[in-house]
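Fold and contact review
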There are 2 protein chains.
Amino acid sequence: MAIVGYGNLGKGVETALGLAPDLELVGVFSRRDPLSVATLGAPVFALSELDESRDDIDVLILCGGSKSDLPVQTPELASRFTLVDSFDTHAKIPEHFAAVDQAARAAGTTAVISSGWDPGLFSLQRMFGEAILPEGRTYTFWGQGLSQGHSDALRRIDGVRLAVQYTIPSEEAIEQVRSGSRPELTARQQHVRDCYVVLEEGADEAAIREAIVTMPDYFEPYDTTVHVITEEVFERDHQGMPHGGFVIRSGESSPGMQQTMEFQLTLGSNPEFTSSVLVAYARAAAKLARSGDHGAKTVYDIAPGLLSPKSPAQLRAELL
Amino acid sequence: MAIVGYGNLGKGVETALGLAPDLELVGVFSRRDPLSVATLGAPVFALSELDESRDDIDVLILCGGSKSDLPVQTPELASRFTLVDSFDTHAKIPEHFAAVDQAARAAGTTAVISSGWDPGLFSLQRMFGEAILPEGRTYTFWGQGLSQGHSDALRRIDGVRLAVQYTIPSEEAIEQVRSGSRPELTARQQHVRDCYVVLEEGADEAAIREAIVTMPDYFEPYDTTVHVITEEVFERDHQGMPHGGFVIRSGESSPGMQQTMEFQLTLGSNPEFTSSVLVAYARAAAKLARSGDHGAKTVYDIAPGLLSPKSPAQLRAELL
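Reading the values: the criteria
Residues numbered from 1 in each chain as written. Chains lettered and ligands numbered in written order. Predicted model: local features only at pLDDT ≥ 70, side-chain atom pairs only at ≥ 80, totals over all residues. Heavy atoms only, no water. Phe/Tyr/Trp six-rings, centres within 6.5 Å; stacked < 30°, edge-to-face > 60°. Helix = DSSP H or I, 4+ residues; strand = E, 2+ residues; numbered from the N terminus. Buried < 20%, exposed > 50% of the residue type's maximum accessible area, 1.4 Å probe, protein only. 1 Å grid on protein atoms, 1.4 Å probe; cavity = no way out; pocket = protein on both sides within 12 Å on 5 of 7 lines; lining within 4 Å. Points joined across faces, edges and corners; volume = space filled by probe spheres on them. Nonpolar A, V, L, I, M, F, W, Y, C, P; charged D, E, K, R; others polar. Contact = heavy atoms within 4.5 Å. Buried area = accessible area lost by both parts, 1.4 Å probe. Salt bridge = Lys/Arg side-chain N within 4 Å of Asp/Glu carboxyl O. Polar contact = N/O pair within 3.5 Å; in protein donor to acceptor, adjacent residues only side chain to side chain. Pairing = 2+ DSSP bridges. Least-squares fit on C-alpha atoms with pLDDT ≥ 70 in both. Axes fitted to C-alpha atoms, helices over the stretch in contact; angles between N-to-C directions. Parallel < 35°, antiparallel > 145°, perpendicular 65-115°, else oblique.

**Focus: the packing of aromatic side chains**
Residue and element names in this part refer to chain A.
- Counted under the stated rule, the structure contains 12 aromatic pairs over all chains.
- Taking 5.1 Å as the distance between ring centres and 25° as the angle between the ring planes, the aromatic pair formed by Phe29 and Phe45 counts as stacked. Taken together, the residues span a long stretch of sequence, with Phe29 in strand β2 (residues 27–30) and Phe45 in strand β3 (residues 44–46) at a distance of 16 residues.
- A relative accessible area of 1% means that Phe29 is categorised as buried.
- Overall, Phe45 belongs to the partly exposed group, its relative accessible area being 26%.

**Topic: the layout of surface pockets**
Residue and element names in this part refer to chain B.
- Estimates place the volume of the second largest pocket at around 1000 Å³.
- Taken together, 35 residues form the lining of the second largest pocket, with Leu9, Ser86, Asp88, Asn270 and Thr274 sitting closest to its centre.
- Elements with a contribution of two residues or more to the lining of the second largest pocket: α1 (8–19), β2 (27–30), α2 (70–78) and α10 (270–290).
- Of the residues contributing to the lining of the second largest pocket, the split by class is 14 nonpolar, 16 polar and five charged.

**Quick notes on the interface of chain B and chain A**
- Counting residues at the interface gives 61 residues for chain B and 61 residues for chain A.
- Contact with chain A buries surface across chain B, with Tyr300, Arg316 and Leu320 of chain B losing the most and accounting together for 15% of the total.
- Our count for the contact surface shared by chain B and chain A stands at two salt bridges.
- Across the pair Lys310 of chain A and Glu130 of chain B runs a salt bridge whose closest N-O atoms are separated by 2.9 Å.
- Where chain B touches chain A, the interface holds 29 residue pairs in polar contact (both at pLDDT 80 or more).
- Of all the secondary-structure elements, those providing two or more residues to the side of chain B that touches chain A are α1, α3 (93–107), α4 (121–132), β12 (243–254), β13 (257–267), α10 and α11 (312–318) of chain B.
- Per-element tally for the side of chain B that touches chain A: the top contributor is β13 of chain B, with 11 residues.
- Along the lines of polarity and charge, the residues of the side of chain B that touches chain A split into 32 nonpolar, 18 polar and 11 charged.
- The sheet contact formed by strand β13 (residues 257–267) of chain A and β13 of chain B spans nine bridges and is antiparallel. Bridge pairing in β13 of chain B links Thr266 of chain A to Thr260 of chain B.

**Overview of the relation of the copies chain B and chain A**
- When chain B is fitted to chain A, the best match, at an RMSD of 0.1 Å, comes from turning it 180° and sliding it 0.0 Å along the axis. The superposition operator between the copies reduces to a two-fold rotation axis.
- Comparing interface residues between copies, 100% of those in chain B also lie at the interface in chain A; the contact surface is shared.

**Observations regarding the packing of helix α4 (residues 121–132) of chain A against α4 of chain B**
- Running from N to C, α4 of chain A and α4 of chain B cross one another at 175°; their axes reach a closest spacing of 14 Å. Between α4 of chain A and α4 of chain B, the angle is such that the two are roughly antiparallel. For the pair α4 of chain A and α4 of chain B, the contacting residues are Leu121, Leu124, Gln125, Phe128 and Ile132 of chain A in the first and Leu121, Leu124, Gln125, Phe128 and Ile132 of chain B in the second.
- Tallied by class, the residues present in the contact of α4 of chain A with α4 of chain B amount to eight nonpolar, two polar and no charged.

**Side note on the pattern of salt bridges**
All names here are of chain A.
- Within the structure shown, the criterion is met by 32 salt bridges over all chains.
- The partner of Arg105 in a salt bridge is Asp101, with the nearest N and O atoms 3.0 Å apart. Of this pair, Arg105 and Asp101 both sit in helix α3 (residues 93–107), four residues apart, which is roughly one turn of that helix.
- A residue is classified by how much of its surface remains accessible, and Asp101, at 15% relative accessible area, is buried.
- We note a salt bridge from Glu184 to Arg137, for which the minimum N-O separation is 4.0 Å. Here Arg137 lies in strand β7 (residues 136–142) and Glu184 lies in the loop between α6 (171–178) and α7 (187–190), a separation of 47 residues in the sequence.
- Of the residues examined, Arg137 reaches a relative accessible area of 33% and is grouped as partly exposed.
- Connected via shared salt-bridge partners are Asp51, Glu76 and Arg80.

**Comments concerning the sheet that holds β2 of chain B**
Residues and elements named next belong to chain B.
- Judged by pairing direction, the sheet is parallel, and its seven strands sit side by side in the order β3-β2-β1-β4-β5-β6-β14 without closing on themselves. Edge positions in the sheet fall to β3 (44–46) and β14 (295–297), since each has one partner strand and no second.
- Of the pairings in the sheet, the one linking strand β1 (residues 2–4) to strand β4 (residues 60–62) comprises three bridges and is parallel in character. Bridge pairing in β4 places Ala2 opposite Leu60.
- Seen against the sheet, α3 touches β6 (110–112) and β14 and runs at an angle of roughly 140° to β14.

Written as structure tokens, this is what we have:
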């Protein structure tokens, strides 16, 4: 395996590969000067050297961003390598899939796109719910998780020095959904926003609270809570990258017969978990490529057993 | 699709097929006299007539029992039909797989075995948890659900007229597992038993309560609660077949970084839900057979997207 790009996700992949009994890391390939990239131990190479290691690499794990890196990198690299990415701009997945599929088919490589937890494991759950209980509704709740965009919006307010915003599933909405009443809910009704801000000295707290809760689009439509905290508390309690959420399918198998499927993630670290999923799908990509199953793939196209280091016979005996 | 065997499961499959936009039921095939089988509307044929409808049937959905029906029926029928079963004797799955695989490969059919929720959806979650978070522990909790064997044990006690027993996940064990402490727990420590009994007139309630909670193997090792109820309450509240449970993977992606994956089912009717899963896997079996992918398969071998009536492009655009 080789890692392309070394931010939080790349670091998480390096860690996750260390826990995989059957996978070995060749190195990290970066656009930055290799000497400036401090890994947890993996050797670092310039991205331009990638082709020189081609014989040693079964799968590239792409750890760049969905906004500008992956739309270019994934199709480009799929023309030479089997790979996996975590492209997560939901609306652009069909377009990304088409570009990657064309490159991978032409080259005889296998390219798994949009693996991670959403898109990824949550997408699988949405599909299982709908296929198994066609009569019903699916709800996706995100959080508690840090939202980068909303944290930035807080920091743009005059008088705010440090800030983070967590998106939190609304307890009320979860209860309604779990009750089986199948309410119509928008994403806005399903989530509340929790803000932790450190103020500049002499800032007008009341005015800032007001500016936050009335900010259009970002906070005004939501049930928003503002906590003013000290820098010390901020540094102590708000440095992590927790996330998670639920996918709930509330359906009925016959009139009035309630059936509920629920998948829940509670993640201490969002990038480390996404990395762990990427590594399991990288294992599957290697097997698919070896068996001649080429082209772009998503979580929907991949037999789950391929994610495991265990053989099909072992899986049947130990886990089925 | 054709249903083989018509008990609770067969009836559930008939209902589930009515909700599937793309599947059609040819009929129910039974070993009993067809005139004695009262379906919800499907035509009934003698099992011996099955081969006459061969051209009309893409997939057989086997609804017999795991103890004596399926070990014989599945390999026998796989030599002529693509099919799906819900064989659930975990310890005998490798043996069942081998017999079915041989028959299906020789005949060029596709035979999906052990689909349902456990084995089935729970098996998938156990595998995902282990493959994604190799450092951790997996816990399976069953219930709240009716246990047939334990209900029978209650009814064998002198003075007990009617009885049901529910297996319930221990709240204490669930809390321990969710906390991330990864305790070592046996199935006994994870579950409690709840008994509802109607007594014969003049029965000695205290003696019966004592007989229950001290019954070796069945109740003595568990935290057991006995509720004495009236026949009226029994008929009103204890006629359903609820079940469900959780699969929890508690792991860490790096030292001290807790990650938790949890899958939960809350089922109003155990047989109807199992049937719903069987129907989705029957759809997948038809697609696999059509694409020439023959032999025995389990949930581990089947790309999830095949369960859906939607095309891969639709799944990517709508659910990924």
